[in-house]
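Architecture at a glance
Chain by chain, the residues:
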Number of protein chains: 2
Amino acid sequence: MISERIKNLRAQMALSEVDAWIITGTDPHQSEYVAPRWRTREFISGFSGSAGTVVITKDEALLWVDSRYFIQGAQQIEGTEYKLMKLDTDGTPDPWKWLAENMQKGTKVGVDGTTISIDAFEKNSALLKKKGVSLVSTPDLLSFWNDRPEVPCTKIYKMKDEYAGFTTSAKINFVRIKLRQSEADWTFIASIDDIAWLTNLRANDIPCNPVFVAYVFISLEKAVLFVDKRRFDDSLFLEISKDYEIRPYESVYDDIASLTRRGVGFYSPEKISYAFAPAINKKRNLRGCDITTNLKARKNPVELEGMRRAHFLDGVAFANFMASLDPLGSYTELEIADMLESERKKMEGYLGPSFDPISAFRENGALCHYSPSKEHEKKVTGQGLLVLDTGSQFAFGMTDLTRTLLFGTDATEEQKRDYTLVLKGHLALARQIFPKGTRGVQLDVLARQFLWCAGESFMHGTGHGVGCHLNVHEGPARISTALIDVPLETGMVLSDEPGVYKAGRHGVRIENILAVQSYTETEFGEFYNFEVLSMVPYEKKLIDVRYLTDVEIGQIDAYHQWIKDQLIDYVFEETKPWLEEATAPLKRN
Amino acid sequence: MISERIKNLRAQMALSEVDAWIITGTDPHQSEYVAPRWRTREFISGFSGSAGTVVITKDEALLWVDSRYFIQGAQQIEGTEYKLMKLDTDGTPDPWKWLAENMQKGTKVGVDGTTISIDAFEKNSALLKKKGVSLVSTPDLLSFWNDRPEVPCTKIYKMKDEYAGFTTSAKINFVRIKLRQSEADWTFIASIDDIAWLTNLRANDIPCNPVFVAYVFISLEKAVLFVDKRRFDDSLFLEISKDYEIRPYESVYDDIASLTRRGVGFYSPEKISYAFAPAINKKRNLRGCDITTNLKARKNPVELEGMRRAHFLDGVAFANFMASLDPLGSYTELEIADMLESERKKMEGYLGPSFDPISAFRENGALCHYSPSKEHEKKVTGQGLLVLDTGSQFAFGMTDLTRTLLFGTDATEEQKRDYTLVLKGHLALARQIFPKGTRGVQLDVLARQFLWCAGESFMHGTGHGVGCHLNVHEGPARISTALIDVPLETGMVLSDEPGVYKAGRHGVRIENILAVQSYTETEFGEFYNFEVLSMVPYEKKLIDVRYLTDVEIGQIDAYHQWIKDQLIDYVFEETKPWLEEATAPLKRN
């Protein structure tokens, strides 16, 4: 089947006169997670992971994946002509470098212009050009995909204004203020979580991501929303039509040139696909991070209240789940995720998971992004660590939480040491006070320092932005080793999730959600710190207090005491003994 | 006098048809410290600090300085028409932004093309262009400076090959290997500490910086050194002529076009002045950090041996100095610096200070870069902190060291707390183990974390690269909040110097020199750590052990024990009791 598809694609490539075609696997909105319609990477290669790149040439088929997917990638392409390319392993060039090195001078590399950002197209085009290879934007060449899913068209609903904090009309105004400050006349937005935030609308186009495909154009006079109007019920359509001129989703490609013809535009070259470049990529226009991305990142007090409420309810559910779990019992990974989900479903406002749950026992925990499925899952029984990374969508907020749990009786020395080193870093980041202007990359080491001193490390970021009843990964700020020049600002909500992964043995990850808040002002300026939103006790059986300082013990005890005070009146009667025990002060040596 | 000079400059500006002229204060090599010939900023403004920018327009004269020089700048321009512009204070634009905002459309801003890098010229030219203002390269307009010092021409001497580790011939080869790897045919180098390193030559063109003004052109076949040949004695000229074709320093401007006409060039747009742009700034040429800057930064084993030896001898001298100092005595700031200098002079291979000594008592210590002078210095007597930041040039290495000393009997609680918080950060950075690939910006917070948690901070970098019998500040790596994408590599030598500065009260700074070394390799990859080179005890009377963890106390005690073991047999007999006492284990509470 895969070889048939490759053959068909090669025929299309020949018709389009390109010598190689690159499948980025994203959608026309440069989304991280995509609707089934745009699972092109999976269609052409069989690989179902969330990140990867496919390159098809006349006689080669290659799949690039990062370390999360080395094993899964290899399994899923077995028996096909695909060659697995392991990103960031010694000597493996990335797809673009590979093309630059392997394509003959004078050849053409094609890419569907809707699936690559202007920024990525320009950069990689320049790279290929040096070797005499040209990068061209082609239409989608997958016309032979017969049963291809439709463009998503799930029902659009409103996020209540009292959860959003501001009406969409107020938000349009915020955007216009920023436009004026930048001396720009209009902006064009393709990022669909930005559009959901801006419009206070939600839908279910992408599993776990409550978004809908759309584009927005805002000028000082006009606000146009490109979206399929069948997706609204009549009253919502009437309401949203007050703030936006609604035009068909597909008409954006025809309309954009005339809308953007005049004035100075502002757009994100990382979010607008290259298919819009002919209309948008003009010298007079300004480039930058989308105005809405920056506005969305700093949660307003109402959104923060919703986030706190979500974490409180999630804390109740998690405590009830933990109390019902027998660490000496026998489960499967999915059963455990389902038990937690069933407790969450009892909470008011709960809408579903915010991403596919990770429930990974023993050596599965060493695969950072392992998700169990009915076909591939592990028995959870006997001694071992379970990495449980899950999250909840609420009508007013969202959670993302990882706890590593001990099954069986005693943990090994290595398990306790790994858990405690990860916890020390997690705590150090959470308690750090820092001046206004500090970027995530400056704080990242706080979560890594103890692991590094033990010759250990983790390869993922320490923290990502989190949406409010929106996507679980949000920009522009991050806490990671990437040199991103975005200061942490009050209202930003980020994860704190160091881990350690020992292939074939176990994984540990501990994740809380933090909100940046103002802390103090001194003769040295303004200082911020983190408010911890998550309300779930750490796994005390995995803490080795010999590695902890008094400050760290105090921090854990205070956190646990706070959780108990918050939750004790709201958990099931049967949960109380567990909560009391789980939040009791640590026994010191 | 200053007003006369401004008048003369304005006359020159009129002749050159520029409406504003900007004086960057650097030399044709973009040096941080410059020879008297290029102290143009001081000549035109009277301001003698090491950093600042002057802008002269038809009716305004402005001096920009950073926070180090707010006070000194204001004093030195008093009574002139200069307006002081405080960099990085709210609402103050930098000089280029000021020009963009204040110059009329259609006007011309001039700059001596030899005193601005290609990179800075291009960036600022684009900035001004947006406002319709053009930036033009002019000749030097200070022709009316009658008693202007000559181009420096101090005697050039050789750094012994057995101190340099490699002959210049070997180093030329290293450069050619890198040229080939970059697929380039030639490089042109203007950075004079790079040229000193490359040629194994030194001189005294700039106080404390053992460099000489020169340019180097290296192709796969040719090596040309542009330098005044009168500066060599005959035998050295003969020797260096074996490796380089020597051409007159001034002829570089005539010769560069023909030398660089063919092939692909590699140059640093941050180090090559805009005056060379017509010859060098071609599309086919590659840009990057100078090859020699990267080679120089990673000290070879012989250079590291020299650095260790320099720090050992400096440790002996510092101990003898400390033993002779009476904390209850009465001195001046300069007397103390002189006492230290006289002990250093007794050491074999000592050549002089590596920068102007900072000896700053009480509130002077709060001025980060205060240097005492005969006219302005303070009595050191009674209770107070002295910040002593000094360094030594040795024939085989260099040191840079800061200790904060207590005068009088007991320290105040605030003094001890500030000292201990700075020390905790200094120690945390020094003991951190980190994976290969880590950049300085990722480690910087380790030195700041404890201060930040107390609402305190310092505004300078944590660490700079240090030369081997060369300049005290060296690129390309730094440990600072700047997002510089240069990983720390084995052999790099950097300072670790957090501080805290309380205006009107006191300053604290503690500085050691660290060398990056290989530490271990684990399943998580290669890890590095720091070797501490400095051998001077901390001021125990200022350490409040209540703020220290066991790890920190152990680190201090081990460091002191090591110093004692290294130095005890080599200090004066009279110094031994002081050394014993200063290196004895901390008393725990």
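Check the entry above for the structure.
Remember, it's a predicted structure, so these values are computed and weren't measured experimentally.

Brief notes about the overall build of chain A
Looking only at helices and strands, one finds 18 helices and 30 strands in chain A. A compact globule built from 589 residues would reach a C-alpha radius of gyration of about 25 Å, and chain A, at 25 Å, matches this within 12%. Each principal axis of the C-alpha distribution contributes one length, and for chain A these read about 70 × 55 × 50 Å. The buried share of chain A, reckoned over its 589 residues, is 59%.

A look at the relation of the copies chain A and chain B
For these two chains of identical sequence, chain A goes onto chain B by a turn of 180° and a shift of 0.0 Å along the axis, with RMSD 0.0 Å. As the rotation angle and translation indicate, the two copies are arranged about a two-fold axis. A share of 100% of the interface residues of chain A reappears at the interface of chain B, consistent with the copies meeting face to face through the same patch.

Here's the deal with the packing of aromatic side chains
Enumeration over the complete set of coordinates arrives at 49 aromatic pairs over all chains. A centroid spacing of 5.0 Å and a plane angle of 80° characterise the contact between Phe 166 of chain A and Phe 174 of chain A, whose relative ring orientation is edge-to-face. By relative accessible area, Phe 166 of chain A is classed as partly exposed at 33%. Residue classification places Phe 174 of chain A among the partly exposed residues on the basis of a relative accessible area of 27%. Judged by centre distance (5.3 Å) and plane angle (75°), the ring pair of Phe 318 of chain B and Phe 321 of chain B falls under edge-to-face. One end of the pair is Phe 318 of chain B and the other is Phe 321 of chain B, both in helix 13 (residues 301–324) and 3 residues apart, which spans about a single turn. Relative accessible area serves as the criterion here: at 1%, Phe 318 of chain B is assigned to the buried category. The structure contains a cluster of three or more aromatic residues connected by ring pairs, namely Phe 188, Tyr 215, Tyr 249, Tyr 253 and Phe 276 of chain A. Note that Lys 424 of chain A overlies the ring of Phe 450 of chain A, its terminal NZ or CZ placed 4.7 Å from the centroid.

A few points about the interface of chain A and chain B
Listed per partner, the contact involves 33 residues of chain A and 33 residues of chain B. Across the chain A/chain B interface, buried area totals approximately 2,700 Å², and carbon plus sulfur atoms make up 63% of it. Per-residue buried area on chain A facing chain B is highest for Trp 452, Leu 483 and Phe 524 of chain A; these three make up 26% of the total on that side. Applying the counting rule to chain A against chain B returns 2 salt bridges. For the salt bridge of Glu 523 of chain B with Arg 505 of chain A, the shortest nitrogen-to-oxygen distance reads 2.6 Å. In this assembly, chain A and chain B are joined by 8 residue pairs in polar contact (both at pLDDT 80 or more). Elements that contribute at least two residues to the side of chain A that touches chain B include exactly strand 23 (434–435), helix 16 (440–453) and strand 27 (499–502) of chain A. For the side of chain A that touches chain B, the element with the most residues is helix 16 of chain A, which contributes 8 residues. Residue composition of the side of chain A that touches chain B, by class: 17 nonpolar, 9 polar and 7 charged.

Quick notes on the pattern of salt bridges
Pairing is possible between side chains of opposite charge, provided their charged atoms come close. Enumeration according to the criterion identifies 77 salt bridges over all chains in this entry. With its nearest N and O atoms 2.4 Å apart, the salt bridge here joins Arg 231 of chain A to Asp 205 of chain A. Of this pair, Arg 231 of chain A sits in the loop between strand 11 (223–226) and helix 9 (234–243) while Asp 205 of chain A sits in the loop between strand 9 (201–202) and strand 10 (215–219), and the two are 26 residues apart along the sequence. The class of Asp 205 of chain A is buried, set by a relative accessible area of 3%. The residue Glu 489 of chain B makes a salt bridge to Lys 436 of chain B at a minimum N-O spacing of 3.8 Å.

Examining the environment of Gly 329 of chain A
Residue and element names in this part refer to chain A. Assignment of secondary structure puts Gly 329 in the loop between helix 13 (301–324) and strand 15 (331–332). For Gly 329, a relative accessible area of 14% gives the class buried. Sequence separation between Gly 329 and Thr 381 is 52 residues; the distance between their C-alpha atoms is 6.3 Å. Sequence-distant contacts of Gly 329, defined by excluding residues within four places in its chain, comprise Val 380 and Thr 381.

A few points about the sheet that holds strand 17 (residues 358–361) of chain B
Residues and elements named next belong to chain B. Pairing is antiparallel in the open sheet, where 3 strands are placed in the order 17-19-22. Each end of this open sheet is capped by a strand with a single partner; those strands are strand 17 and strand 22 (401–407). Averaged over all adjacent pairs, the angle separating strand axes in this sheet is 15°, with direction ignored. As defined by bridge partners, strand 17 adjoins strand 19 (residues 384–390) across 4 bridges and the pair is classed as antiparallel.

Overview of the pairing of strand 8 (residues 186–189) of chain B
All names here are of chain B. Where burial is concerned, the two faces of strand 8 agree: the one with Trp 186 and Phe 188 and the one with Thr 187 and Ile 189 are both buried. The pairing of strand 8 with strand 10 (residues 215–219) spans 4 bridges and is antiparallel. Looking at strand 10, one finds that Ile 189 is bridged to Val 216. Pairing of strand 8 with strand 13 (residues 265–267) involves 2 bridges; the strand directions are parallel. Of the residues in strand 13, the one forming a bridge with Trp 186 is Gly 265.

Rules and cut-offs
- Residues numbered from 1 in each chain as written.
- Chains lettered and ligands numbered in written order.
- Predicted model: local features only at pLDDT ≥ 70, side-chain atom pairs only at ≥ 80, totals over all residues.
- Heavy atoms only, no water.
- Helix = DSSP H or I, 4+ residues; strand = E, 2+ residues; numbered from the N terminus.
- Rg over C-alpha atoms; globule rule 2.2 N^0.38 Å.
- Buried < 20%, exposed > 50% of the residue type's maximum accessible area, 1.4 Å probe, protein only.
- Least-squares fit on C-alpha atoms with pLDDT ≥ 70 in both.
- Contact = heavy atoms within 4.5 Å.
- Phe/Tyr/Trp six-rings, centres within 6.5 Å; stacked < 30°, edge-to-face > 60°.
- Lys NZ or Arg CZ within 6 Å of the ring centre and 35° of its normal.
- Buried area = accessible area lost by both parts, 1.4 Å probe.
- Salt bridge = Lys/Arg side-chain N within 4 Å of Asp/Glu carboxyl O.
- Polar contact = N/O pair within 3.5 Å; in protein donor to acceptor, adjacent residues only side chain to side chain.
- Nonpolar A, V, L, I, M, F, W, Y, C, P; charged D, E, K, R; others polar.
- Pairing = 2+ DSSP bridges.
- Axes fitted to C-alpha atoms, helices over the stretch in contact; angles between N-to-C directions.

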